[in-house]
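Coordinate inspection notes
In case you want the letters, here they are:
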Amino acid sequence: MLTRATFGGDYAGIQAVVGMDIEDWVAAEINKPATLYLAGLAARQNAGENIDAQEHRGVLWNNMIGANDQLRTRLVFALSQLFVISDADMYGQTLQVGYFLDVLANNAFGNYRDLLEEVTYSSAMARYLTYWRNQKGDPATGRMPDENYARELMQLFTIGVVELNQDGTPKLTNGREVETFDNDDVEGLARVFTGFSWEGPGFYTGSQGNNSKRLVIFDGEHSSLEKRFLGTVIPPNTGGDESVKIALDTIFAHPNVAPFVSRQLIQRFTASSPSPAYVKRVADVFDAGRYIAKNGTVFGTGERGDLAATIAAILLDQSVNDNTATTDVENGKIREPVLKFVHWVRAFDLTDIDSAREFTLRDASSPSSGFGQQPLFAPSVFNFYRPGFVAPGTETGARGLTAPEFQLVNEGSAIGFMNIMTRFIFDDTPHSGTDPSFTPDYGPEIVIADDPAALVDYIDLLLTGNTMTPELKADIVEAVTAVPVTSDADRQRRAQLAAFMTISSPAFAIQR
Amino acid sequence: MANMNRRNFLRSGAATGFLAGTGVLSTLASGKAFAANTSGYKALVCIFLKGGMDHADTVIPRDQTSYDLLRNARPGLYGAYGVGSGTSSRDLARLHALNPTNAASFGSRLFGLPEQMLGLQEIFEAGELAIVGNVGPLIEPTTRSDLTRIGAQLPPRLFSHNDQQSTWMSLGVEGAQYGWGGAFADAALRADSSLNPRYAMVSAGPNDVFLSGKEGRQFTTSAGGAQGVTLVDQPFILGGESRFNAARDLLDEYVSKTGYGETNLFARDFARQSGNGVINSRAYDTALESSSGIATVFPGSSIGSQLRSVANTISIQDKLDSNRQVFYVFMGGFDTHSGQTNTLPGLQTALSEAISAFRTSMVTQGKWNDVTLFTMSEFGRTTIDNGDGTDHGWGGHHFVTGGSVAGKQIYGDIPTPDLNGESFTSTHGRLIPKVSVEQYAATLGSWFGLDAGELAAALPNLSNFSQKNLGFLGGATT
């Protein structure tokens, strides 16, 4: 459960949940206060620190590694892969991203409809999908409103491109998929997302200082034309905020939202290729807004779109908690590189964590010299990988199983990940300053390193939840045994070698 | 067997030295094959311009009438460029003239490239670069009236980034598993069992569907070349003393394994990919280290270093037993909904400089006649602006360059920017493609050595178009 719902645990963390009701654990996580981003960043700036070099990146890593509200933070990372902004062009706009992360954190266990609205009014999204200061059309010049957000809001954040059954599979009419919207809908909806700007005296005069506040709509710059999309007609001369409300209500009411969002959230937590039955169970909870666990614990408010209920349904589903979870060969989640790295940090109780000082963590997106993935830094609004990706030439692909993370985790990136992890495991990563940084604690491992089998058993529990195959374990034990031990330095070598081999293994890569 | 002899011949250092720079490699390639022709060396290099390249801000009208039509459709954009100042890169007088040999077919119309693309203009004028106008996904020849005609077959999910990227690469919407780049390499691998399937499909960029094939798997190379596993290769990490060698040897075996007794399918796939990644990368690395490397200095841009990786790989193709290769590189940033004037010119500079360096490297290696580089992009953009940017379109213009290209010509169609014309959709001025992606691909595939049957198998809608070869790689226009 720790691997599925958090960024992983250390030995003490694992022992703490042994014997605990998982329903109680999930409920406790949901009730923890949110770790937020903006206030801390703003305070640092007010104290004179230059936070322009995207200091939020360090904060995000720090929270993934150390925040107490692990489930919420894990969900923030998941939501950041649904509502994708790239902070690549946010240099000097750190607070704007801080505000956006707060929107995700504050609404993570709230309602999806509210989340949609707050994301829509966030400066970071408006910048990324180019509707910040988006002008209404101009009949004199022929200028049309920017269509970017209108399209991606429907395609990527809510309903997707084809009509779905409640289990996430496409609806077929005469054997063909049915598209949810066409370009006329995009053009009509594009008129809604006009007039957004920073708060201030005018459309073009809002202060940059307001970029970490909710955006406002200037009705003078908002399209006054009729807005027609998805069967809804917003009459002419409807104001901006009212138009946005009608638009989001219309989109949110679409039956695709539950299966579309549910399937992608499942993929971020528990299964790369969830069964249609699993998707339907979660989508039904999304629509009902309530989940009642086996032990009677009730999650959610009963309002459609409740994310606390949805997450509980994902994590507590029978398919991930009964025996088939480990025996079903189609089960499991390919862990994205960020999850693997942070799990290692947590498992080995690293100290001297100041992520902003670690050069790798400022931009880990290179598959040859980083992890091949940096949070908030997807190459496009289509995220690091696509939910429907089926890997060619693989056994999962032959069965039609989706494997989004194989778009990052593949032949081309295998060595790069091994090599960057080697530098972390051997405490040799480049960082600013001469003070130690990201220092692993091999103390517990050194104590048992004279017994390679015990050492590998321990690491098997720590990193893979005891999912190593006998052959894998034997390979690691053999190599570890081959390191002769004459000192604690050698015992540490054994621990490091065992950690490296485990981290490179399929047992660590695939969460079950 | 002729192929084997040919490769053995190339392996000899003296022979390679003799051939370098003479450009005779492709002229040696001949012979009627009953399947894909695999004689000599041939490579296709795809540059995918992600986001949807604004074709109309790239191949720009240079006659006053067309220039004014476009300017009037884009007042915001031309204003932001400062057009009229005399110093704007989009001022008519500053455009670099294209003088196509087929100018007559465009009447009084003239074309130019922005000054950021001087390098490409020079290659065009030298006869080694062609422009293919108004290419896009089509099921069948399509006109404006077809767009509203019941029963007309249109490609699904037009104007959607990911789906149109997938359509350009694989002729299917997102979720398609195999690309036509992979299919072309597959044809060569099927025809010649001596070819190494590990390096027939090489990406220096992301792991996209274009290179997914059935006979081989995509190999990824990075700017620094392939890498080894440092914990194995650099003894000091685990400990430099020889007493650690036994553990290192076991580790060496371990990372090259492609399975550890897994039953879970995702775990099995991971193990296989990881092990193969190590094996293939090491073999590539060994070949690269034993070669003298390439002399050409490439720009430090992302596209520059990706094309440098391609040039590196081509320089060792004989050592890798790969005489048919399809490469894939990419550039991002073309989705210019906003701030287009701030971003597109820089992308154009990067593209032009990287292609120019690549050409130099290929000429130096004596491979320029054997390599064809071409651009793709999921769509062109609207002719009408939205203030300071443009939105998703359909058809767009593309570049093809190489020593075998029948260049200094504009193929396909570059319609005059009269938005009421039949070439445009009824709103926003989106180009309705004149040339299908499959005709574009077929022309490349035919040069690459595929026969008509193989092309038809790789390109499912090609049969709906009478012209199967656009002629930009010489030979008959059919």
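Residues numbered from 1 in each chain as written. Chains lettered and ligands numbered in written order. Predicted model: local features only at pLDDT ≥ 70, side-chain atom pairs only at ≥ 80, totals over all residues.

**Points about the overall build of chain B**
Cut-off, in case you're wondering: Helix and strand definitions follow DSSP, with helices as H or I runs of at least four residues and strands as E runs of at least two, each counted in order from the N terminus. Values of the radius of gyration come from C-alpha atoms, whereas the globule rule sets the reference at 2.2 Å times the count of residues to the power 0.38. With C-beta atoms placed from the backbone, a residue counts as buried when 20 or more other C-beta atoms lie within 10 Å of its own, as exposed when 12 or fewer do, and as partly exposed for counts between those limits. Two residues qualify as being in contact provided that their C-beta atoms, derived from the backbone, are within 7 Å of each other.
Helices and strands together make up the secondary structure of chain B, namely 15 helices and 12 strands. Here chain B has a C-alpha radius of gyration of 23 Å; the compact-globule value for 478 residues is 23 Å, and the two agree. By principal-axis analysis of the C-alpha atoms, chain B measures approximately 75 × 50 × 45 Å. Each of the 478 residues in chain B was classed as buried or not, and the buried ones make up 61%. Of the contacts formed within chain B by residues at least 6 apart in sequence, a portion of 72% connects residues at least 24 apart.

**Concerning the nonpolar core**
To be explicit about the condition: The term nonpolar core refers to a group of buried residues, namely Ala, Val, Leu, Ile, Met, Phe, Trp, Tyr and Cys, whose C-beta atoms join them within 7 Å. Domain boundaries shown here were taken from an automatic or database domain assignment.
Ranked by size, the top nonpolar core spans 168 residues in total, and within it Phe 100, Met 125, Val 282, Ala 312, Leu 497 and Ala 498 of chain A carry the most contacts. The residues that make up this core include at least three from each of domain 1 (148-252) and domain 2 (333-511) of chain A. Residue contacts for Val 282 of chain A: discarding those within four places in its chain leaves Ser 262, Ile 266, Thr 310, Ala 313 and Ile 314 of chain A. Core analysis: the next-biggest nonpolar cluster, separate from the first, contains 100 residues, Leu 129, Leu 189, Phe 298 and Met 331 of chain B among them.

**So, the interface of chain B and chain A**
Each partner contributes residues to the interface: chain B has 67 residues there, and chain A has 69 residues. Those elements that provide at least two residues to the side of chain B that touches chain A are α5 (75-80), α7 (161-170), α9 (230-233), α10 (245-255) and α11 (265-289) of chain B. The biggest single contributor to the side of chain B that touches chain A is α11 of chain B, with 14 residues.

**Describing the sheet that holds strand β4 (residues 111-113) of chain B**
Residue and element names in this part refer to chain B. Where we set the bar: Paired strands, in this sense, are two strands between which DSSP finds at least two bridges. To obtain an axis, a line is fitted to C-alpha atoms, over the contacting stretch when the element is a helix, and the angle between two such axes runs from 0 to 180 degrees between their N-to-C directions.
Here we have 3 strands laid out as an open sheet, ordered β2-β4-β3, and antiparallel in their pairing. Bordering the open sheet on either side are β2 (60-61) and β3 (96-98), each of which pairs with just one other strand. Where β3 lies against β4, 3 bridges are found, and the strand directions are antiparallel. Residue pairing across strands places His 96 opposite Leu 113, the latter belonging to β4. The strands that helix α6 (residues 118-125) touches are β3 and β4; relative to β3, the one it contacts most, it runs at about 30°.

**Points about the confidence of the model for chain B**
Put simply, the test is: pLDDT measures the predictor's confidence residue by residue and takes values from 0 up to 100.
Looking at chain B as a whole, its pLDDT mean stands at 91, while 91% of the residues score no less than 70. As scored by the predictor, the complex reaches a pTM of 0.91 and an ipTM of 0.97.

**Re unusual backbone geometry**
As a rule of thumb, non-glycine residues mostly have phi less than zero, and peptide bonds are mostly trans rather than cis. Phi at Asn 383 of chain A is positive, roughly 65°, even though this residue is not glycine. With respect to the element layout, Asn 383 of chain A can be found in the loop between α19 (359-362) and α20 (395-398). Exposure remark for Asn 383 of chain A: the 20 C-beta atoms within 10 Å place this residue in the buried category. Of note in this structure, Asp 321 of chain B is not a glycine but carries a positive phi near 55°.

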